[in-house]
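Okay, here's what each chain looks like letter by letter:
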Amino acid sequence: GGSGEVFGSRDAVKNHLQLHLARKPREEFAVMFLDAQNRLIDLRVMFQGTLTQTAVYPREIVGEALRLGAAAVILAHNHPSGTVQPSRADEALTQTIKAALALIDVRVLDHVIVAPGQALSMAERGLL
């Protein structure tokens with residue numbers, strides 16, 4: 001269930017996601033579902049993959065956002081390789097999910113990539 005925690009800063013989000021995802025041995029794709037006040041409704045690991053690849057289905061994220069009544073989401077996944085550089089695929093996927101969620105008026109606030117000891121915000125890098 002949601003903690004109702006408000007994530008006012010990118011650092012708070014990064015720390016939260018590092019805690020949950022950074023040390024996983026395989027790639028996991030998680031979504032933080034937020035309400036209109038940016039309070040956390042739920043953090044869900046939506047998809048799990050192999051060491052290097054995860055199949056992500058935007059329609060499942062859309063369905064969950066509708067079910068939870070989310071106003072915004074923060075996407076996140078880990079790179080078990082240890083580098084947090086976004087791949088071309090990460091960038092393309094972000095845009096696809098963003099477009100799908102726009103149809104139901106849910107904003108994508110960020111896509112955070114985590115690895116042990118580090119986290120990268122795609123919004124901070126201007127990649128959103």
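Anything mentioned here points back to the structure above.
Conventions used here
Residues numbered from 1 in each chain as written. Predicted model: local features only at pLDDT ≥ 70, side-chain atom pairs only at ≥ 80, totals over all residues. Heavy atoms only, no water. Phe/Tyr/Trp six-rings, centres within 6.5 Å; stacked < 30°, edge-to-face > 60°. Helix = DSSP H or I, 4+ residues; strand = E, 2+ residues; numbered from the N terminus. Buried < 20%, exposed > 50% of the residue type's maximum accessible area, 1.4 Å probe, protein only. Pairing = 2+ DSSP bridges. Axes fitted to C-alpha atoms, helices over the stretch in contact; angles between N-to-C directions. Contact = heavy atoms within 4.5 Å. Core = buried A, V, L, I, M, F, W, Y, C linked by side-chain atoms within 4.5 Å.

1. Some remarks on the packing of aromatic side chains
Consideration 1: Under the definition given, this model contains two aromatic pairs.
Consideration 2: With centroids separated by 6.0 Å and ring planes inclined at 70 degrees, the aromatic side chains of Phe 47 and Tyr 57 adopt a geometry described as edge-to-face. Taken together, the residues Phe 47 in strand S2 (residues 40-48) and Tyr 57 in the loop between S2 and helix H2 (58-68) connect sequence positions 10 residues apart.
Consideration 3: Looking at Phe 47, the relative accessible area reads 6%, which means it is buried.
Consideration 4: Judged by relative accessible area, which is 45%, Tyr 57 ranks as partly exposed.
Consideration 5: Put simply, the rings of Phe 29, Phe 47 and Tyr 57 pair up and form one aromatic cluster.

2. Considering the sheet that holds strand S1 (residues 28-34)
Within a beta sheet, neighbouring strands are joined by backbone hydrogen bonds and run either parallel or antiparallel to one another.
Consideration 1: Reading across from one edge, S2-S1-S3-S4-S5 is the order of the five strands in this open sheet, with mixed pairing throughout. The two strands at the open ends of the sheet, each matched to only one other strand, are S2 and strand S5 (118-121). Neighbouring strand axes in the sheet, compared pairwise and without regard to direction, differ in orientation by 20 degrees on average.
Consideration 2: Bridge analysis of S1 against strand S3 (residues 72-78) gives six bridges, and the strand direction is antiparallel. Directly across from Met 32, in S3, lies its bridge partner Ile 74.
Consideration 3: Against the sheet, helix H1 (residues 10-21) contacts S1, S2, S3, strand S4 (107-115) and S5, and its axis sits at roughly 50 degrees relative to S4.
Consideration 4: Across the face of the sheet, H2 comes into contact with S1 and S2 while running at roughly 160 degrees to S2.

3. Describing the nonpolar core
Consideration 1: Among the nonpolar cores identified, the biggest contains 17 residues, and Phe 29, Val 31, Ile 61, Val 73, Ile 97 and Leu 101 are the most heavily contacted of them.
Consideration 2: When contributions to this core are tallied by element, the ones reaching two or more residues are S1, S2, H2, S3 and helix H3 (88-102).
Consideration 3: Excluding residues within four positions of it along the chain, Ile 61 makes contact with Phe 29, Val 31, Phe 33, Met 46, Phe 47, Val 56, Ile 97 and Leu 101.
Consideration 4: Grouped together as the second largest cluster of nonpolar side chains are 15 residues, Leu 21, Ala 30, Met 32 and Ala 76 included.

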